[in-house]
Amino acid sequence: MKSIGLFWLVLMMMILYTLQGFIQGFATSIPLFLASYKASWKEQGTFSWVSYPFSCKILWAPIIDSIYSRRLGGRHQTWLVPIQITVGLILLVLSFYLEYLLMNLRVVFLAIIFFMIFFLIATQDIVVDGWTLVLFASSNPQWSSTCQTAGEMIGRFFGSTVLMTFESANFTNKYIRETFSLPHRSYGLFTLEQYTFFWGVAFILVSLIIGIVFFVSKLRSNNTEEEQIEKLNLWQTYLDIFHLLKKRCVQQFALILLTFNLGFAATYYMTNLTLVGYGVTRDTIALMNIPLLIIHIIVPLCLSQTRSPLKWFAWAYIPRLFASILLAIYIFFTPQLLFKPHFYPLLLMFICLNEGLCYLLKASRIGVYARVSEPRIGGTYMTLLATISNLGQSLSSTIVLYVAEWLPKQHAYSIQVAACFILGFLWIGLMWRMIIRLDALPVEEWHLKPKLQPQISAATTISQINIA
């Protein structure tokens with residue numbers, strides 16, 4: 001949209017990614033609220049199903065790219081405005097019942113609602129990723145990556161850290177009301193219902209503003225960048241996915257993506273819930289997430305120039321296993337250490353070590369997507385790989401949470417981490433040669449058409465992928 005300045009385009013895309021990141025952060029906060037109301041591991045496993053739409057979005061991504069109305073704004077506005085208004089309306093209604101559903105552990109009903117929200121947000125992710133590439137194609141594609149990275153980080157921050165910190169009566173009374181000599185209250189700076197209602201209104205307002213701005217902009221211009229893009233062939237896109245899955249290298253990489261998380265699934269999905277069970281408050285966990293934002297920025301920069309991302313993945317895997325077991329050992333002694341002055345600094349150190357290695361694995365996977373994707377079908381290729389990775393992580397989270405229900409409650413976390421540690425060593429032993437061999441393959445071996453073509457930059461790739 002040449003009639004809209006670059007600054008406003010960047011701002012708009014960052015806001016859209018912030019809304020998306022808020023939902024993802026919000027969904028990671030709900031299990032902590034459930035844990036504070038004594039939800040079982042089985043109930044936590046039931047709620048984990050909400051993330052599965054991000055694991056299946058490749059199934060309908062070609063439909064979103066192929067079916068739209070130019071009269072309703074083109075490929076992206078056709079879907080974006082209705083989707084976001086629907087999410088906003090769901091949040092508005094949910095705000096009146098959320099606290100009741102949590103207190104009464106209506107987990108199945110909550111899971112159904114959030115599953116619908118995630119389905120809509122996964123679809124919004126497809127739309128916004130494609131739209132950023134179109135809008136910034138004539139200026140600088142780097143803006144696509146910048147908008148997604150910054151926007152989603154801000155959204156997750158508001159959906160988890162801000163929510164759990166300022167919703168807490170303990171934190172608000174101690175650090176805000178006492179500071180300003182205000183009387184203590186039994187609630188935080190805002191309630192969960194108020195916060196949910198606010199973001200429901202935000203979704204609707206942003207959608208209406210975007211719809212109006214781009215409708216007026218379209219009236220002022222003869223055509224848009226979107227109208228110059230050839231409409232995709234839906235059948236051909238699905239055929240491309242089928243042919244990609246027939247390639248041996250893609251099959252092997254898919255096996256890696258589906259199973260690699262077995263080594264530390266318990267650490268990733270049970271640590272915060274276990275800490276809440278031991279008496280660590282939600283606002284404390286939220287505050288410990290703040291230093292992790294720095295790690296999320298620095299680690300990808302360390303891999304920005306590598307040409308062998310799978311080797312980084314292989315070499316980081318074993319340290320990540322040891323980081324997981326060290327964190328689990330420390331958490332095992334939480335009841336004895338919780339009120340010691342050194343407990344939280346050491347806990348934060350172990351969490352940062354674990355998260356740094358976790359993000360190193362994530363950044364290396366994204367690097368592989370950038371390296372192997374064929375430019376002709378780059379969006380489809382990368383969405384396929386990201387979807388397989390998301391599916392593997394979602395399955396592992398559901399499995400460890402359901403299995404924990406069968407174990408002694410006080411030791412479920414320790415047993416699961418130890419089992420995952422052993423599985424992880426077996427996994428890397430079996431997969432090591434395959435990983436190194438795939439890393440050494442020429443890029444053309446990954447393409448449907450074995451023909452030298454310029455590779456996609458990592459910056460562009462990250463803007464097209466959402467890893468749940």
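Structural data are supplied above this passage.
Owing to the predicted nature of the structure, the values given are computational and were not obtained by experimental measurement.

(A) Focus on the side chain of T172. Position of T172 among the secondary structure elements: in helix α9 (residues 169–177). In this structure the side chain of T172 is engaged in a polar contact, spanning 3.4 Å, whose partner is the backbone oxygen of F166. Within the structure, T172 has its side chain in polar contact with the backbone oxygen of S168 (distance 2.8 Å). With residues near it in sequence (within four places) discarded, T172 still touches T165, F166, R177, G188 and L189.

(B) Looking closely at the packing of aromatic side chains. All chains considered together, the criterion is met by 32 aromatic pairs. Seen from their ring centres, F166 and F171 are 5.6 Å apart, and the 90 degrees between their planes marks the pair as edge-to-face. For F171, a relative accessible area of 11% gives the class buried. Geometrically, the ring pair formed by F322 and F425 is edge-to-face, given 5.6 Å between the ring centres and 80 degrees between the ring planes. With F322 in helix α16 (residues 309–332) and F425 in helix α20 (residues 412–440), this pair connects stretches of sequence that are 103 residues apart. Exposure remark for F322: the relative accessible area of 43% places this residue in the partly exposed category. Put simply, the rings of F22, F26, F47, F114, F157, F158, F190, Y195, F198 and W199 touch in pairs and so form one group of aromatic residues. A cation over a ring is seen here: R320 above F264, with NZ or CZ 4.0 Å from the ring centre.

(C) Just a nonpolar patch on the surface, in detail. A cluster of nonpolar residues, F7, W8, L11 and I15, forms a patch on the protein surface that exposes about 420 Å² of accessible area. Along the chain, W8 turns up in helix α1 (residues 6–36). Given the relative accessible area of 54%, W8 is considered exposed.

Procedures and definitions
Residues numbered from 1 in each chain as written. Predicted model: local features only at pLDDT ≥ 70, side-chain atom pairs only at ≥ 80, totals over all residues. Heavy atoms only, no water. Helix = DSSP H or I, 4+ residues; strand = E, 2+ residues; numbered from the N terminus. Polar contact = N/O pair within 3.5 Å; in protein donor to acceptor, adjacent residues only side chain to side chain. Contact = heavy atoms within 4.5 Å. Phe/Tyr/Trp six-rings, centres within 6.5 Å; stacked < 30°, edge-to-face > 60°. Buried < 20%, exposed > 50% of the residue type's maximum accessible area, 1.4 Å probe, protein only. Lys NZ or Arg CZ within 6 Å of the ring centre and 35° of its normal. Patch = residues over 30% accessible without salt bridge, like charges linked within 9 Å, V, L, I, M, F, W, Y side chains within 5 Å. Areas by Shrake-Rupley, 256 points an atom, 1.4 Å probe, with all protein chains shown as cover. Salt bridge = Lys/Arg side-chain N within 4 Å of Asp/Glu carboxyl O.

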